[in-house]
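One letter stands for each residue in the lines below.
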Amino acid sequence: MGGLLALYAFDDLWNLSNHVYYGLTALDHRGSEKYVACTVSNGRVKCYKDSKERISKEVTTPLAIAATYSNEYSDIYLGSYSTNNLEFVMIGDRDSKIMDIIGEEVTSRLRSLNTSMTNEILLTFKEVLNELNGKDIPSFIAITNKGEILAYRSSTGLTPLTLGGYGFDLALISSESRAIDILGGDIRKWLRPNELLYLSKYAVKSIQIQGKDTGHLCAFELLYMARHDSIVDGINVYKFRKVLGHALAENLDADVDIVVGVPETAIPYAIGLAQAINKPFEIGFVSTGKHMRSALRVDPLQKLIAIHLKMNPVVHVLEGKKIALVDDSMVTGATMKTVSQILRYRVGVEELHVVIASPPLIRGCPYKLMPIDVKSLLAANLDTENAVKYLEVDSLTWIKPKVMSKVARIFNVKLCGKCFGIDFVG
Amino acid sequence: MKVLLVGSGGREHAIALMISKSTYNPKLYVASDHNNPGLSRIAENTGGKLYRTKTTNPQEILRIAEEVTPDIVVIGPEEPQFAGVPDLLRDRGFSVFGASSRCAEIERSKVFARTLMWKYSIPGRLYFRAFSSLEEARKFVEYAGDVVVKPARQVGGKGVKVLRENQAYLLEEYRDVKKDFVVKLFKEMAKYVDIDAKVLVEQRVEGVEYTAMTVTDGSYVLALPLVQDHPHVYEYDIGPETGGMGSISGPGWVLPFIEIDEFKKTIEIIDNVVKALQTEVKDRYVGALAGQMMLTALWGPTVIEFYSRFGDPEISNMVPVITSDFLEMIERAVDGRLAGYKLEIRDDIAVVVKAVAPAGYPLNKKIAANHPVSVDEGKIRELGCTLLYASVEELGDGALRTHGSRAFEVVCYDEDHEKASRKADLAISYIKSLDGWPLVHRSDIGSAELLKQRQYLAMRVRRTYKARARRGLLGTSIVWVPGRGIFFDPFTSPTIPR
């Protein structure tokens, strides 16, 4: 899954170049330094794929859509369409054939309409999306050469979209509330699953597409993807992670001296767990260079580099201690293996107890949101005994689905749990 | 009793409705710029008449007044006040409800209003600078930081640039927009020769806005229940500023997110302003005076601007609320006996007013104008709602045509805002565009979600202003310029040329 950003200025005085740059920066953790931005100039929609610096310089207009991603072929959908005098580009937050169908259907219907009423594209999108009722459609944003922006939140509600406002001047739409804060805006609305939003100079409209309007957010949005300072569908991400960390104590048997989190996502889980078992939380690692999200790296070497750079141990904190090491999730176990090697051989810890804030990952993602290959999933292929041996740890504890469900219910949210082998968490 | 009402819009329709309910059985005459069907009907039903005229032309209004010989003249909008309509009528012996041109200076000139508040040390004032030179204004906004840039004169409730500037990394963008906006404003303001300063730059504050409407006879200030307007044109507080897309009030005297004590402080501010203003301009204030207020962390109740008349659409909220005689209130204000009047209200209802405008409003009124519309008023009445005609004209053929601004307002009430809001949406479904041109209204006004946001914001702001009050810091912004000392003017900075 990537990160989407749409910006609309109602006043033509605005040049949104820096807004694109810093908005994408606020979403950097949802991709790995790959970007696309589309804007309208001289009546044409133009897209640019390049570094953040370069593409933001191309956007000197009062409206734009943009995205950050890791893998061009799975993390985003990018499609451009044209008919009569209308051009539009859609960016989805994952690749899906249904996006082509939507684009082509909208195009062919607009061709036969042949009028130029306002809101026409909105009504056509509405019609097409309504007919696809029940299908899994990714969240997407779109821009037209007539200066309109559309935003749609996935039919299943898997990935969020948030609408923000900046005074009387800007409307901001983002995969994560964080980008709205960074651009000085205020959060105005969490889009509901299946909600279609339309922005133009003379109308802002929200339309509920037929189908379920209660969806299930991808569990990884709250577990890993969103930043601590974001609010997702009204849920304070930091608080959710801390409460989940607290709940981890229920399954942990080992007696430890300190609690340490794998930076950076796992820090609130570790704080929650430390408070629950009344042991000190310590900073165990300090990262070097700019923050990189190892799990989103596709290339194995790049992934290893990212882990090594962000996991420089604070030796005297860890040396000779019985440690509870908390992480949000474990996919292949490569990160954990690398960390345990650092802790065993470079630091020399007494005991290492790994605590994971998600249930075991045993299935692929049917929505292709996370690039998961089942045969490389640690939990799907190794039993606990072998996993503990391979990772060179003293114990391995995963949160139980029913414990996580209990936490999800506190926050009144239903999460997709397909990759844990269950339908829903919460 | 004969009443002559000057004005053409939704506000005047609301005033006319309340006047027509009086036990004085008034005959209502209206001087209007266009044939507002709501106003003409009330005039007709009460045995009066609607005159089409130019409401900003004192001689024209005088001629109508001489023909009608009204007991009271009520001036609805601000522009006739600025143009001296009340002055000429009073001079000719008419009893007039509506600020004189000298008193209306409080609305017309933002610089005058701000200066007055500073001169008389009235709480809720903001730091500001006024500019008559484009170059100076451009230079100033470049370094001024977190400010609001406004036209120095009232120009129909628009043209404000509010840029929250807490992001140093977006500074360049903000500066460019502000500088370009100043140039644009000077160009627009050039046509107003009645004012020296063209652009006002003031301290930006954040918080919850509300409108406090009052009526005064010059010595007594009578407060009406608080109302909150919604200036953004689109749902969820998105998009450009308008004159107001709808407003909420009640139940009771205050809004759900304003405390009684804050209401009292607000009225004290307006009371102080009435006294200071009369001293300053040496004239008696008879009419409505409204404060566009904001609850801020800086002061608590803070003045954004003043209206020398009732708010539009805010006065519409009063239609189902005021149960005592509205015309008696006006009469007593004119006679200087307002202190003896008891304003009675229905305090068990929440009121939601929603405006309906043709698409294009407010950025492009040209494309919004001249669209045929129809309305099923009977159906709206069945819901218990009131329809107000605003910027819409009835042409000879019975068809209604939009003028490019807010065309209608619906006024609905219920036990809570959410229910009243749903009712208003239903009422609006009986307003139809006849040429397919889209009509815009905000379904979110009065929603529980929006109210929750306001309550949350008010709570946050209240926490800070009360903490500041405890340390004696209300209204102050402390700037330390190393080597020069402590200053209280937030515009003091080593980088700002003074």
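Residues numbered from 1 in each chain as written. Chains lettered and ligands numbered in written order. Predicted model: local features only at pLDDT ≥ 70, side-chain atom pairs only at ≥ 80, totals over all residues. Heavy atoms only, no water.

1. So, the environment of A:Gly215
Residue and element names in this part refer to chain A.
Part 1 of the argument: Among the secondary structure elements, Gly-215 is positioned in the loop between β13 (203–208) and β14 (217–218).
Part 2 of the argument: A residue is classified by how much of its surface remains accessible, and Gly-215, at 27% relative accessible area, is partly exposed.
Part 3 of the argument: For the pair formed by Gly-215 and Leu-325, sequence separation is 110 residues and the distance between their alpha carbons is 33 Å.
Part 4 of the argument: Ignoring sequence-local partners within four residues, the contact set of Gly-215 consists of Thr-156, Gly-157, Pro-193 and Lys-414. (Helix = DSSP H or I, 4+ residues; strand = E, 2+ residues; numbered from the N terminus. Buried < 20%, exposed > 50% of the residue type's maximum accessible area, 1.4 Å probe, protein only. Contact = heavy atoms within 4.5 Å.)

2. What about the side chain of A:Ser139?
Residue and element names in this part refer to chain A.
Part 1 of the argument: Relative to the helices and strands, Ser-139 resides in the loop between α4 (120–131) and β7 (140–144).
Part 2 of the argument: At 2.8 Å, the side chain of Ser-139 forms a polar contact with the side chain of Thr-159.
Part 3 of the argument: Every residue in contact with Ser-139, bar those within four places of it in the chain, is listed here: Leu-4, Ile-91, Gly-92, Asp-93, Tyr-152, Arg-153, Ser-154, Thr-159 and Leu-161. (Polar contact = N/O pair within 3.5 Å; in protein donor to acceptor, adjacent residues only side chain to side chain.)

3. Quick word on the environment of B:Arg102
Residues and elements named next belong to chain B.
Part 1 of the argument: Structurally, the position occupied by Arg-102 is in the loop between β5 (96–97) and α6 (105–108).
Part 2 of the argument: A C-alpha to C-alpha distance of 22 Å links Arg-102 and Leu-4, two positions 98 residues apart in sequence.
Part 3 of the argument: If we ignore the near neighbours within four places in the chain, the residues touching Arg-102 are Val-281, Lys-282 and Asp-283.

4. As for the pattern of salt bridges
Part 1 of the argument: Following the criterion strictly, the structure yields 63 salt bridges over all chains and no others.
Part 2 of the argument: Put simply, B:Arg204 and B:Glu206 hold a salt bridge, and the shortest N to O gap is 3.0 Å.
Part 3 of the argument: Classification of B:Arg204 by relative accessible area gives buried; the value is 12%.
Part 4 of the argument: By relative accessible area, which is 28% here, B:Glu206 ends up partly exposed.
Part 5 of the argument: Here B:Lys423 makes a salt bridge to B:Asp414, at a shortest N to O gap of 3.3 Å.
Part 6 of the argument: Exposure remark for B:Lys423: the relative accessible area of 23% places this residue in the partly exposed category.
Part 7 of the argument: What makes B:Asp414 partly exposed here is its relative accessible area of 21%.
Part 8 of the argument: A single salt-bridge network, built from bridges that share partners, covers A:Asp186, B:Asp146, B:Arg164, B:Arg204 and B:Glu206. (Salt bridge = Lys/Arg side-chain N within 4 Å of Asp/Glu carboxyl O.)

5. Section: the state of the cysteines
Residue and element names in this part refer to chain A.
Part 1 of the argument: As enumerated under the stated definition, the model contains two disulfides over all chains in all.
Part 2 of the argument: The side chain of Cys-38 participates in a disulfide bridge whose partner is Cys-47; the two sulfur atoms lie 2.1 Å from each other. Between Cys-38 and Cys-47 the disulfide shows an S-S torsion of about 105°. By sign, it is right-handed.
Part 3 of the argument: Exposure remark for Cys-38: the relative accessible area of 0% places this residue in the buried category. (Disulfide = S-S within 2.5 Å.)

6. Let's talk about the nonpolar core
For soluble globular proteins, nonpolar side chains are generally found buried alongside one another.
Part 1 of the argument: Counting 79 residues, the largest nonpolar core has A:Ile143 and B:Ile106 as the members making the most contacts within it.
Part 2 of the argument: It is helix α10 (residues 260–281) of chain B that contributes the most residues to this core, nine residues altogether.
Part 3 of the argument: What B:Ile106 contacts, discounting residues up to four positions off in sequence, is B:Phe112, B:Ala113, B:Leu116, B:Val273, B:Leu277, B:Tyr285, B:Leu289, B:Phe306 and B:Ser308.
Part 4 of the argument: Core analysis: the second largest hydrophobic core is formed by 77 residues, A:Ala219, A:Leu252, A:Ile258 and A:Val326 among them. (Core = buried A, V, L, I, M, F, W, Y, C linked by side-chain atoms within 4.5 Å.)

7. With respect to the confidence of the model for chain B
Should the pLDDT be low somewhere, the predicted coordinates at that spot are not to be read in detail.
Residues and elements named next belong to chain B.
Part 1 of the argument: Of the residues in chain B, 98% reach a pLDDT of 70 or more, and the chain-wide mean stands at 93.
Part 2 of the argument: This stretch, residues 494–498, has a pLDDT under 50; its non-local contacts, to residues over four places away or in other chains, come to 12 contacts.
Part 3 of the argument: Reported for the predicted complex are a pTM of 0.91 and an ipTM of 0.89. (pLDDT = per-residue confidence, 0-100.)

8. Remarks on the interface of chain A and chain B
Part 1 of the argument: Taken together, the contact pairs 36 residues of chain A with 32 residues of chain B.
Part 2 of the argument: Across the chain A to chain B interface the summed buried area is about 3000 Å²; carbon plus sulfur atoms make up 59%.
Part 3 of the argument: The largest share of the area that chain A buries against chain B comes from A:Leu13, A:Phe168 and A:Tyr202, three residues that together contribute 28% of it.
Part 4 of the argument: For the pair chain A and chain B, the interface holds four salt bridges.
Part 5 of the argument: Close ionic contact of B:Lys184 with A:Asp11 constitutes a salt bridge, the shortest N to O distance being 3.9 Å.
Part 6 of the argument: Scanning the region where chain A abuts chain B turns up 15 residue pairs in polar contact (both at pLDDT 80 or more).
Part 7 of the argument: Elements represented by at least two residues in the side of chain A that touches chain B include exactly α1 (17–26), β9 (162–166), α5 (177–182), β11 (186–190), β12 (195–200) and β13 of chain A. (Buried area = accessible area lost by both parts, 1.4 Å probe.)

9. So, the sheet that holds strand β21 (residues 392–394) of chain B
Residue and element names in this part refer to chain B.
Part 1 of the argument: The four strands are arranged β21-β22-β19-β24 in an open sheet whose pairing can be described as antiparallel. For this open sheet the edge positions go to β21 and β24 (431–433), each flanked by a neighbour on one side alone. Direction aside, the axes of adjacent strands within the sheet are offset by 40° on average.
Part 2 of the argument: Note: strand β19 (residues 369–375) against strand β22 (residues 400–403), three bridges, orientation antiparallel. Bridge assignment links Val-373 to a residue of β22, and that residue is Leu-400. (Pairing = 2+ DSSP bridges. Axes fitted to C-alpha atoms, helices over the stretch in contact; angles between N-to-C directions.)

10. Remarks on the packing of helix α1 (residues 10–20) of chain B against helix α11 (residues 326–335) of chain B
Angle between the axes and distance between the axes: these two values describe a pair of packed helices.
Residue and element names in this part refer to chain B.
Part 1 of the argument: Packing of α1 against α11 brings their axes to within 6 Å, and their N-to-C directions diverge by 100°. It follows from the interaxial angle that α1 and α11 lie roughly perpendicular. Where α1 approaches α11, its residues Ile-15, Met-18 and Ile-19 are matched on the opposing element by Phe-326, Leu-327 and Ile-330.
Part 2 of the argument: When its residues are assigned to classes, the contact of α1 with α11 shows six nonpolar, no polar and no charged. (Parallel < 35°, antiparallel > 145°, perpendicular 65-115°, else oblique. Nonpolar A, V, L, I, M, F, W, Y, C, P; charged D, E, K, R; others polar.)

11. A short note on α1(A)
Part 1 of the argument: Burial of α1(A) is extensive: seven of the 10 residues sit out of reach of the surface.
Part 2 of the argument: Of the positions making up α1(A), those classed as buried are A:Ser17, A:His19, A:Val20, A:Tyr21, A:Gly23, A:Leu24 and A:Ala26.

12. Examining the pairing of strand β2 (residues 27–32) of chain B
All names here are of chain B.
Part 1 of the argument: Of all six residues in β2, five are buried; the element is thus mostly enclosed.
Part 2 of the argument: Relative to β2, strand β1 (residues 2–6) is paired through five bridges, and the arrangement is parallel. Looking across to β2, one finds that Lys-2 is bridged to Lys-27.
Part 3 of the argument: The β-α-β motif built from β1, the intervening α1 and the parallel element β2 has right-handed crossover chirality.
Part 4 of the argument: Bridge count between β2 and strand β3 (residues 49–52): four bridges; the pairing is parallel. Bridge pairing in β3 links Ser-32 to Arg-52.
Part 5 of the argument: For the handedness criterion, the β-α-β arrangement of β2, helix α2 (residues 37–45) and β3 is classed as right-handed. (Right-handed = clockwise from strand over helix to strand, strands pointing away.)

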